[in-house]
Amino acid sequence: MKNKVRAFICIIVPLLLAYTFNTKFGNIPPILKFLNPFTGFWQNAESTTVKPNRNIILKGTHQNVDIAFDDRMIPHIFAKNDHDVYYAQGYVTAMHRLWQMDFQTRFAAGRISEVVGKKAIELDKYQRRMGMVYGAERSLQGMMADPKSKEMILAYTAGVNAYIHSLSKSQLPIEYKILDFKPEDWTPIKCALLLKQMSAVLAMGSDEFYMTNIRNKFGPEVVKDLFPDYPFKEDPIIPIGTKWNFDPLPIPEVPSSYNEVATNIIKTKQKEEGIGSNNWAVSGSKTVSGLPILANDPHLDLSLPSIWYQIQLHAPGLNAYGVSLPGAPGIIIGFNKDIAWGVTNVAADVLDFYQIKFKDNTHKSYWYNNQWKNTSTRLETIVIRGDKTIKDTVFYTHHGPVVYLQKVKDFSKAKNIPIGNALRWIAHENSNELKTFYLLNRGKNYNDYRDALTYYTAPAQNFIFASAENDIAITANGKFPLKWKDQGKFILDGTDPKYDWQGWIPASQNPTVKNPPRGFVSSANQSPTDKTYPYYINWEFSPYERGKRINDRLTVMNKATADSMINMQTDSYSIHAQNILPAILVMVDRSKLNATQKEAFRIVSSWNKYYEANSLGASIFDFWTKRLQFDIWDDEFTVAGIPMRYPSRDRTVQLILHEPNSKWIDNVNTPEKETLADLVNEAFKYSCDTLERKYGPIGKSWEWANVKHTTIQHLAKIPGFGSKVLLTGGGKMTINALNEGNGPSWRMVVELGKMPKGHGVYPGGQSGNPGSPFYDNMIDKWANGKLYNLFFMQSASDTSARIISQLKIFKK
C-alpha cells in the first residue's frame, strides 16, 4: 500500500507542477514557458548588430520587392505594383509590431476577455454595445466596394499573414509569452476595426448629458449665458472674413418641443482637453526657399510601442514617406515629391444620444413617428479565457444601438452612457477612408488633395496641405450631419422624426481656404470658422489659446526655415497666462501670506509665462488657476445626484476680466458673500500649500517637469516596458501640448521644393519589442524637441540614406 501511495505521489506531483508552471495565473505568465531557453523570453533579446542582408521567398507577391531599412530601422519599400507595396507594408509592419496590431484590434472588437479572462467582460461588452464591430463591418463594405481600397486591404492582410505563418514559437513577441496567447490570422475587418478605434478616441466623450441636466436645473437662459455657441475669445481656423462661395442647403426646422426633453440622472465623464493636435503651413512668401513649409504634430495618448509606424512606400505612381497606423495600409500623415499633408481633430458633433421609449421590457418595439417600430437584435458572443462563453443581446433602433438598458456598476466607461438611449454615431456609417489616403499618397496638386477629401467620413479632421506649386490650404473635413443649431447639444427625442439627422452638408461646402492673404494656414482644434459659416458643426471646440499662439508667431514670421517650424512645435508660451495673470496678481493680499506663499508670489509675479521644464512659475500658476476655476463654479455645478460640467475656460476668463461682480462668484454654500479677490486669495494659498505638501519646501522639486511627471507607458501597462520620467516642458494649452501621458505623437516638418526635405520624430522606436535597440531609441530626441532628417529615397540603391539592412522578397 505504501508503495502505491509513493507511486501515486510520484505521478501526481510532477503533473501538478507541470500544470502549475505551464499555466498563467492572474498577471503571472506560465513560468516554464516563459523561462524556456529555446522558446521563452530569452529569445526576444535582439542583438545590437543587425544582419545586413536577407532574402525570403513568399508566394503572395506578384514580383520581387526590395526593402531597405535605414539606421532607425525605418523600412523603405520598393515594389513594382500596388499589390506588392501593400503586401510588403503588411509584412514589415507585422514583423515589427504584430502584438500591438493584434491587441489593438482585439480591444476594438471587444475580445480582450479571450486573452485576460473575465476581468475584461464589461470592457468587451462596452466595445460591442457601442457598435464598434457593427461600424467596422459597414466600413469594410465601403472599402471592399472600391477596387483600389479592396486591393490595398487584401494585399496588406496577405502580407501580415505571411509574416504570422513564418513565426516559430520562440519568435513570438514577448507580450504573447507574458499573456500566454498566440496570434491568429489577420483579416480585412481588423484594418477597419483599427480605424473605428481611432474614431472612438477622437470622439472625445460627450457633453449632452451634462448640458441636459444644466438646462433642467438652471433653465435655457443660463445655458445661453454660461455655455455660449461661440467663444468670448477666438481665432478660427478659416480666417475671419473668408467668403463662402456656395449656396447653402436649407437647415432643418427646430422642433417646438426641443427645450422640453428631460433625461435620466446619469453620471458622465467630461471631455478631456489635450486630445487634439497642431498643424500649419506657410506659403513661399514667408520662407527662405520661396516654397511652402508644412508642420504637423497630432496629440494623442502616448504609448510604447508607438502609436505610429514610419515607412516609405514606392511603386509606379507612388513615392510617399510618413507615418502609418500599425494595422492599416497606406500613409496617414506624410509627403511625396509634390505635396505634403497632415491632420488635426475637428471635434465635430457627430455622436448623439436619443432617448428611446420602449413598449415593454422585452424591448422588441419602440415608439417612433406615432407608432410602434420593431427593434432588431445583434447577438454578441464573448469568449472568456478560463470560463464559459457568454452571449450578450444588443437592441438596435433605426438610430443605432441602445448601449445600456440598465446601469453597470464599477465600470467607468459605462458612466458616460445614458441608460435606455440609442447611439447615433458617424462611425457606424458606410465609409472608405482608405481611398482618401490612397489618393493623397499619390497626389500631385491642390485638385488631387480636394478630390481625395471627398472620400473621407470619420473621424473629421482638419486636413492641411502644401504643394511644390506653392499652394497651401486647410479643410475641416468629414461627413457632417445637416443639423439645426445646437442639435445634439442636449439629449434628443428618439420618438419624433424631426429629431433625426436629416441629410448631410455637401463635402464641397465643408469649411476650407486656399492661399489666404495672410500667407499661412493653421489649426489647433479651435473653432473651424467665424460665425458666418451657415452650418452647425458643433457648439464648442478646443479653447483658442494654442491656435492664437500659432497664428501670432506665423503672422510676424518671415524668411522661415525648417528650424523655425521645429522651434515652434516646442513653444511653451501660455496665452492663458497672458490673459489673466496680470488681473489676478493685483488681487493678492501679500500682507496675509506666509513665507512660502510670499516667495511663490515673487516667483509667479516675474514668471515669463513659458511652461518650461525648470519653471516654478508654471507650476504655481497651473495649480492656482485650476483651483480658482473650482472655487468659482463648484458650488453651483456640483450637485449630488445631478452630474454637470463647469463652464469653459474661455467663459471663466470672460467672467474674471469683465464680470468680477457676477452672481456666480459668490459661494452659495457659505453665509458670507465672497468677492473675486476672496476666491483669488484662497486659490493662491491653497495652491502653495498643496505644492508644499506634495513636493516639499519651495525649490527645485516644484519645477514644472517634476510636477507634470511625463511618462510613456506600455500599451498594456506591463511594468518595466514603459519609459523613464521625461523632464519636458509644455502643457495642454501651449503649442507644445505635452502633459502627463498625452502629447505630440509625431512631429513632422516638410520643406517643399524640387526635392522635398522631411524632418520627423515620435516618442518611441520602430520596433515593438522591448528587447530591441529600436524599441525606444527616438524618445530622448523627441523629449529634447529635436527632429531627425528623414531619408526620402528615390530608388532601392539610393546612397543618400544610411541603410543598415536589406530585405529582398522573391516571388514564389
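Predicted model, so just to flag it, every value in this text is computed and none were measured.

Undergrad: Is there a simple way to explain the sheet that holds strand E17 (residues 461–467) in this structure?
TA: Consider a sheet: its strands pair through backbone hydrogen bonds, and that pairing is either parallel or antiparallel. Within the open sheet, the 11 strands sit side by side as E1-E27-E2-E3-E7-E8-E9-E10-E17-E18-E20. Their pairing is mixed. Two strands in the sheet have a free side with no partner beyond their single neighbour: strand E1 (53–58) and strand E20 (512–514). Ignoring which end each strand starts from, the neighbouring axes of this sheet average 15° apart. Here strand E3 (residues 75–78) runs beside strand E7 (residues 309–315); their pairing, made up of 3 bridges, is parallel. In the sheet register, His76 faces E7, and the bridge partner there is Gln312. Its contacts with the sheet put helix H3 (residues 82–109) on E1, strand E2 (65–70), E3, E7, strand E8 (318–324) and strand E27 (803–811), and the angle it makes with E7 is roughly 160°.

Undergrad: Please clarify how the UniProt feature "active site" (unreviewed entry) in the protein should be interpreted in this entry.
TA: According to UniProt, the positions carrying the feature "active site" (unreviewed entry) are Ser277. Turning to its location among the elements, Ser277 is positioned in strand E4 (residues 277–282). On the basis of relative accessible area, Ser277 is assigned to the buried category, the value being 4%. Not counting residues up to four positions away in its chain, the partners in contact with Ser277 are Asp297, Pro298, His299, Val343, Thr344, Asn345, Ser523, Ala524, Asn525 and Arg546. In this structure the side chain of Ser277 is engaged in a polar contact, spanning 3.1 Å, whose partner is the backbone nitrogen of His299.

Undergrad: What exactly am I supposed to notice about the pattern of salt bridges here?
TA: Taken as a whole and assessed by the stated rule, the structure comprises 37 salt bridges. In this structure, the salt-bridge partner of Arg129 is Asp392, at a minimum N-O distance of 3.0 Å. Here Arg129 is found in helix H5 (residues 121–129), whereas its partner Asp392 is found in strand E15 (residues 390–396), with 263 residues between them in sequence. Of the two residues examined, Arg129 and Asp392, each falls in the buried class. A salt bridge links Arg378 to Glu137, with the nearest nitrogen and oxygen atoms 3.0 Å apart. Here Arg378, found in strand E14 (residues 376–382), pairs with Glu137, found in helix H6 (residues 132–144); they are 241 residues apart in sequence, far enough to count as distant. The partly exposed category is assigned to Glu137, whose relative accessible area is 31%. Linked through salt bridges whose partners overlap, the residues forming this network are Asp102, Arg106, Arg111, Glu114, Glu184 and Lys190.

Undergrad: Would you mind going over helix H10 (residues 208–218) with me for this structure?
TA: Working note: α-helix, 3.6 residues per turn, so residues spaced by three or four point in the same direction. In terms of residue burial, H10 counts as a mostly covered element, since 8 of its 11 residues are buried. Listing the buried residues of H10 in full gives Glu208, Phe209, Tyr210, Met211, Thr212, Asn213, Ile214 and Arg215. Elements that come into contact with the buried residues of H10 comprise helix H11 (220–226), strand E11 (351–355) and helix H18 (616–637). At the exit of H10 stands Gly219, carrying a positive phi of roughly 95°.

Undergrad: Would you mind going over empty space enclosed by the protein with me for this structure?
TA: Rolled over the atoms, a probe with the dimensions of a water molecule shows which regions are left empty. Counting across every chain of the model gives 6 cavities of 30 Å³ or more. Estimated volume of the second largest cavity: approximately 240 Å³. Along the wall of the second largest cavity there are 22 residues; nearest its centre are Met198, Leu202, Ile332, Val343 and Gln461. Each residue belonging to the lining of the second largest cavity can be placed in one class, and the counts come to 15 nonpolar, 6 polar and 1 charged.

Undergrad: Would you mind showing me how to read the nonpolar core here?
TA: For soluble globular proteins, the rule of thumb is that nonpolar side chains tend to be buried together. Counting residues in hydrophobic clusters, the biggest one holds 231 residues, and the most contacted among them are Trp308, Met565, Trp624 and Phe684. Per-element accounting of this core gives the leading share, 13 residues, to H3.

Undergrad: Help me out: how do you make sense of the packing of aromatic side chains in this one?
TA: In this description, a pair of aromatic rings is defined by centroid distance and the angle of the planes. This structure, assessed with the given rule, holds 34 aromatic pairs. Ring centres of Trp99 and Phe103 lie 4.7 Å apart, and the angle between their planes is 20°; this geometry places the pair in the stacked category. Pair noted here: Trp99 and Phe103 are both in helix H3, with a separation of 4 residues, about one helical turn. The same class applies to Trp99 as to Phe103, namely buried. Relative to Tyr449, the ring of Tyr446 lies with its centre 5.8 Å away and its plane at 45°, an arrangement referred to as tilted. Within this pair, Tyr446 and its partner Tyr449 are both found in helix H13 (residues 446–453), separated by 3 residues, close to a single helical turn. With a relative accessible area of 14%, Tyr446 lands in the buried category. Tyr449 sits in the buried class, given a relative accessible area of 1%. Pairwise contacts between aromatic rings join Phe218, Phe227, Trp539, Trp633, Phe637 and Trp664 into one cluster. Of note, Arg627 hangs over the ring of Tyr686, and the distance from its end group to the ring centre comes to 3.6 Å.

Definitions and cut-offs
Residues numbered from 1 in each chain as written. Predicted model: local features only at pLDDT ≥ 70, side-chain atom pairs only at ≥ 80, totals over all residues. Heavy atoms only, no water. Pairing = 2+ DSSP bridges. Helix = DSSP H or I, 4+ residues; strand = E, 2+ residues; numbered from the N terminus. Axes fitted to C-alpha atoms, helices over the stretch in contact; angles between N-to-C directions. Contact = heavy atoms within 4.5 Å. UniProt positions renumbered as here; feature names shortened; annotations may be inferred. Buried < 20%, exposed > 50% of the residue type's maximum accessible area, 1.4 Å probe, protein only. Polar contact = N/O pair within 3.5 Å; in protein donor to acceptor, adjacent residues only side chain to side chain. Salt bridge = Lys/Arg side-chain N within 4 Å of Asp/Glu carboxyl O. 1 Å grid on protein atoms, 1.4 Å probe; cavity = no way out; pocket = protein on both sides within 12 Å on 5 of 7 lines; lining within 4 Å. Points joined across faces, edges and corners; volume = space filled by probe spheres on them. Nonpolar A, V, L, I, M, F, W, Y, C, P; charged D, E, K, R; others polar. Core = buried A, V, L, I, M, F, W, Y, C linked by side-chain atoms within 4.5 Å. Phe/Tyr/Trp six-rings, centres within 6.5 Å; stacked < 30°, edge-to-face > 60°. Lys NZ or Arg CZ within 6 Å of the ring centre and 35° of its normal.

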